[in-house]
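Descriptive structure summary
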Amino acid sequence: MHHHKVFFVYFASTGPYDRGNGGVSMRKKIPLNTDYRYTHQDNNEFSDPFFDDSAWQMVDIPHNMIPITDNYNNDESFSTAGWYRKYLSTDLFDVNLRNVIECEGVASRATVFLNGILTVVHDGGFTPFFIEIPLELISHNDGILLSIRVDASEKLPIAPYGG
């Protein structure tokens, strides 16, 4: 059996939520699937905005942490963890709207940090989830570092492997 460890990310500035301007806005979707820095290592320092990730591999999403071949794949090798990081310009966001990042799926646990602050832990085994972008981060106008630790361990109490 092949386990595909994929991770999809789309940014969506969603309406009809507004931040007090009285207007109702339609949903706007901006794909954020390119130019992630990735490492197949695990270290809590990777969430730190000042950590130097310049030596990390550049990848696009969706991405498999372990290459899948046409031949034999050892299922145990897919039980692993890795990190993705991407800098987001605050120009992408609208302070008058609710801004979220829509993740279409990650196997199996995603631990999300924005500028080094733990924001979301999603246990989902490929289920979608959202990351709310706080207005305070957008209004600082310094950019936002999205750091995501992906844990695909089959030992986690998360479907389809446990729970």
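Model, not experiment: these values are computed from the prediction. (Residues numbered from 1 in each chain as written. Predicted model: local features only at pLDDT ≥ 70, side-chain atom pairs only at ≥ 80, totals over all residues. Heavy atoms only, no water.)

Some thoughts on the nonpolar core
Nonpolar side chains in soluble globular proteins tend to be buried together. Going by this rule: Put simply, a nonpolar core is a bunch of buried Ala, Val, Leu, Ile, Met, Phe, Trp, Tyr and Cys residues held in one set by side-chain atoms that sit within 4.5 Å of each other. Each residue is placed in one exposure class: buried if its accessible area under a 1.4 Å probe, protein chains only, is under 20% of its type's maximum, exposed if it is over 50%, and partly exposed if it falls in between. Secondary structure counts use DSSP, requiring at least four H or I residues in a row for a helix and at least two E residues in a row for a strand, with both numbered from the N terminus.
Counting residues in each nonpolar core, the largest one holds 26 residues, and the members touching the most others are Tyr-84, Val-112, Phe-129, Ile-131, Ile-144 and Leu-146. At the level of elements, β3 (36–39), β5 (81–88), β6 (98–106), β7 (109–114), β9 (129–132), α1 (135–139) and β10 (144–151) are the ones that each hand at least two residues to this core.

Some thoughts on the pairing of β10
This is how it is decided: Two strands pair under a simple rule: DSSP has to find at least two bridges between them.
Of all 8 residues in β10, 8 are buried, a share of seventy percent or more. Residues of β10 alternate between two faces, with Ile-144, Leu-146, Ile-148 and Val-150 on one and Leu-145, Ser-147, Arg-149 and Asp-151 on the opposite face, all of them buried. Pairing geometry for β5 and β10, over 8 bridges, is antiparallel. Bridge pairing in β10 places Gly-82 opposite Val-150. Relative to β10, β7 is paired through 6 bridges, and the arrangement is antiparallel. Looking at β10, one finds that Phe-113 is bridged to Ser-147.

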